Amino acid sequence: MTSRRSFFGLGHDPDTTPRGAVHSPASVLPQFDLVACSHRTDFCAVCVERCPVDSALHMGRMAPVVDLDRCTGCGVCADVCPSPFGAVLMRPVEEVRLG
């Protein structure tokens, strides 16, 4: 069976990648704008719920937290973010890891 991610050509396909497999490194990773994130005022977990990679995102106290070793940089979290201010910014890996 073809997954939706595979069908639409959205990169890493968690349905066909065995658990624990090493993923190819991402060139961009999500970074959350704490001011724009709706989780601060309303409980919003849309990005965590829609993330196709198990445990790549989890809810922190002020905003979602990214597991940099698991995230594939697919950008689904940025696409589904309901914040009118764009709380999820896709940044180059070097900026996210150093910042």
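Structural data are supplied above this passage.
### Details of the overall build of the chain
The secondary structure content of the chain amounts to four helices and four strands. Tracing the chain from N to C terminus, the helices and strands come up as α-β-α-β-β-α-β-α. The contacts of the chain with a sequence gap of at least 6 include a subset with a gap of at least 24, amounting to 59%.

### Details of the environment of Asp67
Of note, Asp67 is situated in the loop between strand E3 (64-66) and helix H3 (76-80). For the pair Asp67 and Leu29, spaced 38 residues apart in sequence, the C-alpha to C-alpha distance is 9.8 Å. Beyond its immediate chain neighbours, meaning those up to four positions away, Asp67 contacts Ser55 and Ala56.

### Considerations on the nonpolar core
In this structure, Leu29, Phe32, Cys47, Leu57, Val66 and Cys77 are the most contacted members of the largest nonpolar core, which totals 15 residues. Residue assignment for this core shows that the elements contributing at least two residues are strand E1 (28-32) and helix H4 (93-98).

### Section: the pattern of salt bridges
Across all of its chains, the model carries one salt bridge by this definition. Arg70 is paired through a salt bridge with Asp67; the nearest N and O atoms lie 3.8 Å apart.

### Side note on the state of the cysteines
Applying the stated rule across the entire model yields zero disulfides. Just so you know, Cys44 is unpaired, no disulfide at all, and the nearest cysteine sulfur is the one on Cys47, 6.3 Å from it. Residue Cys44 is classed as buried on the basis of its relative accessible area of 15%. Overall, the relative accessible area of 7% leaves Cys47 in the buried class.

### What about the environment of Val88?
Within the secondary structure, Val88 sits in strand E4 (residues 88-92). According to the relative accessible area criterion, Val88 is buried, its value standing at 9%. Spatially, the C-alpha atoms of Val88 and Leu29 are 9.6 Å apart, while their sequence positions differ by 59 residues.

What counts and what doesn't
Residues numbered from 1 in each chain as written. Predicted model: local features only at pLDDT ≥ 70, side-chain atom pairs only at ≥ 80, totals over all residues. Heavy atoms only, no water. Helix = DSSP H or I, 4+ residues; strand = E, 2+ residues; numbered from the N terminus. Contact = heavy atoms within 4.5 Å. Core = buried A, V, L, I, M, F, W, Y, C linked by side-chain atoms within 4.5 Å. Buried < 20%, exposed > 50% of the residue type's maximum accessible area, 1.4 Å probe, protein only. Salt bridge = Lys/Arg side-chain N within 4 Å of Asp/Glu carboxyl O. Disulfide = S-S within 2.5 Å.

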